[in-house]
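Geometric and topological summary
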Amino acid sequence: MCSHRLTLVEKRYLFTPGPTPVPPEVLAAAAEPMVHHRGADFREVYARTLGRLKEVFRTESDVLLFTASGSGAMESAVANLCAPGERVVVVSHGAFGERWVAICEQHGLDVEAVRYEWGEAPDADEVGAVVRQSGAGVVLCQQSDTSTGVVADVRALKAAVGAATLVVDAISSLGAVPLETDAWGIDVVVSGSQKALMSPPGLAMASVPPHVLERAKPSRSFYFDWPRNKRAQDALDAAFTPAVSLVRSLDVALGLILDDGLDAAFVRHVRLGRAARAGVKAMGLELFSPDDDSAAVVTAARVPEGVDGTALLAHLREAHGVTLAPGHAHLKGKIFRIGHIGWFDVFDIASALAAIELSLTELGAHIERGVAVARVFEAFETKVTV
Ligand SMILES: *Cc1c(COP(=O)(O)O)cnc(C)c1O
């Protein structure tokens with residue numbers, strides 16, 4: 001096979017929506033000498049990180065920080081908010097909505113799922129009606145379902161579910177698209193380190209305001225017990241040994257995000273989404289993710305007729321060192337996804353599109369060549385107001 005690669009040590013290009021590329025200073029922070037997690041050195045980093053998390057979550061309330069992947073924070077919400085047998089509503093429009101269903105079922109809850117076709121956005125009025133009818137006190141949803149690229153209007157969802165506790169999975173959207181936790185009255189937001197927060201995988205967070213803690217049930221998880229973790233965090237004396245190195249990384253990454261400003265990040269993500277969609281369409285591919293500015297997290301495209309999506313991703317990786325994300329479940333082999341959350345710029349989008357164009361051609365697909373990259377830069381330059 002013809003190779004365009006010149007180096008012996010392969011250069012890798014990571015264009016997935018998690019893990020995402022991590023800036024060098026964030027990686028370097030994780031390589032600092034180990035300190036004890038109950039000593040003054042760590043407390044300083046811990047306090048600053050917890051403060052920065054509140055700013056990024058746009059909340060005055062506690063953001064609990066766990067050593068876990070994002071799913072750990074999801075499970076913490078279920079373990080602390082719901083009792084076995086209790087009815088909950090899950091809004092599902094993709095693979096991560098089905099994860100809420102699976103976690104709730106494993107915890108013995110009575111799950112009423114409001115399901116949408118993957119790729120569709122949930123309808124707030126419809127969800128509100130189901131919640132009222134079901135009498136559920138807890139509603140779980142995604143802001144961005146990373147499997148489809150759909151970003152839901154969680155502000156409208158909160159307005160529609162009224163007094164029910166709304167738990168929003170913002171694992172791929174926090175720091176990428178606007179999420180006003182306090183101003184919109186979102187009860188609980190969960191997130192993770194390895195997506196738009198441009199840090200290594202391994203840390204998870206949950207914002208837990210006092211009114212939610214009051215409604216909490218006795219936790220069915222020792223490790224994820226919210227009151228235990230809150231008491232420990234309040235004393236800057238973590239309940240369990242935190243991933244010290246990852247907290248150092250997250251501290252630096254959050255500092256970078258906040259220095260630039262969250263609003264600047266939101267604008268950048270809209271522009272990256274526009275660039276990716278323009279490039280995909282320019283080569284004649286069909287978008288799977290929505291064709292509008294809401295789709296600022298991940299761009300999903302259908303694999304053209306006659307090409308196997310699994311083979312395309314393998315070719316991109318093996319021949320060109322480029323990693324894209326496949327489709328989940330029934331979409332496997334049918335779509336591919338380009339992440340653009342966190343530490344991405346327009347050259348990443350151009351590189352991803354150029355590699356896709358080249359690979360599709362090498363696999364014998366008939367696509368429009370030589371236009372995608374130009375369209376990427378044009379679309380990136382268009383004006384955005386958030
Ligand atoms: C990545 C992701 C998760 C899962 O996070 P893990 O860190 O893999 O546990 C959950 N929800 C959404 C929307 C995600 O993008």
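Owing to the predicted nature of the structure, the values given are computational and were not obtained by experimental measurement.

What counts and how
- Residues numbered from 1 in each chain as written.
- Predicted model: local features only at pLDDT ≥ 70, side-chain atom pairs only at ≥ 80, totals over all residues.
- Heavy atoms only, no water.
- 1 Å grid on protein atoms, 1.4 Å probe; cavity = no way out; pocket = protein on both sides within 12 Å on 5 of 7 lines; lining within 4 Å.
- Points joined across faces, edges and corners; volume = space filled by probe spheres on them.
- Helix = DSSP H or I, 4+ residues; strand = E, 2+ residues; numbered from the N terminus.
- Nonpolar A, V, L, I, M, F, W, Y, C, P; charged D, E, K, R; others polar.
- Pairing = 2+ DSSP bridges.
- Core = buried A, V, L, I, M, F, W, Y, C linked by side-chain atoms within 4.5 Å.
- Buried < 20%, exposed > 50% of the residue type's maximum accessible area, 1.4 Å probe, protein only.

Here we come to empty space enclosed by the protein. Throughout the structure, instances matching the rule amount to one cavity of 30 Å³ or more. If you add up the space inside the largest cavity, you get close to 150 Å³. Contributing to the lining of the largest cavity are 15 residues, with Leu 65, Phe 66, Asn 229, Ala 238 and Phe 240 lying nearest its centre. Every element with two or more residues in the lining of the largest cavity is listed here: β2 (62-67) and α8 (226-234). Per-class residue counts for the lining of the largest cavity are eleven nonpolar, four polar and no charged.

What follows covers the sheet that holds strand β13 (residues 325-326). Read from one edge to the other, the open sheet built from three strands follows the order β11-β14-β13, with strand pairing classed as antiparallel. Either end of the sheet is taken by a strand with one partner, and the two such strands are β11 (298-302) and β13. For β11 and strand β14 (residues 335-339), the ladder comprises five bridges, and the chain directions are antiparallel. Residue pairing for β14: Ala 301 is matched across the bridge by Phe 336.

So, about the nonpolar core. Judged by nonpolar contacts, the single largest core of 51 residues is most densely connected at Leu 53, Leu 65 and Met 205. Residues Leu 285, Leu 287, Val 307 and Ala 372 belong to the second largest nonpolar core, which totals 32 residues.

Let us look at unusual backbone geometry. A cis geometry characterises the amide bond from Gly 18 onward to Pro 19, with omega recorded as -5°. Considering the arrangement of structural elements, one finds Pro 19 in the loop between β1 (13-14) and α1 (24-30). Located in the positive-phi region is Met 198, a residue other than glycine, with phi close to 45°. Along the polypeptide, Met 198 turns up in the loop between β9 (188-192) and β10 (203-208). Looking at Met 198, the relative accessible area reads 7%, which means it is buried. Despite not being glycine, Leu 236 has its phi angle at roughly 50°, a positive value. Inspection of the secondary structure puts Leu 236 in the loop between α8 and α9 (244-260).

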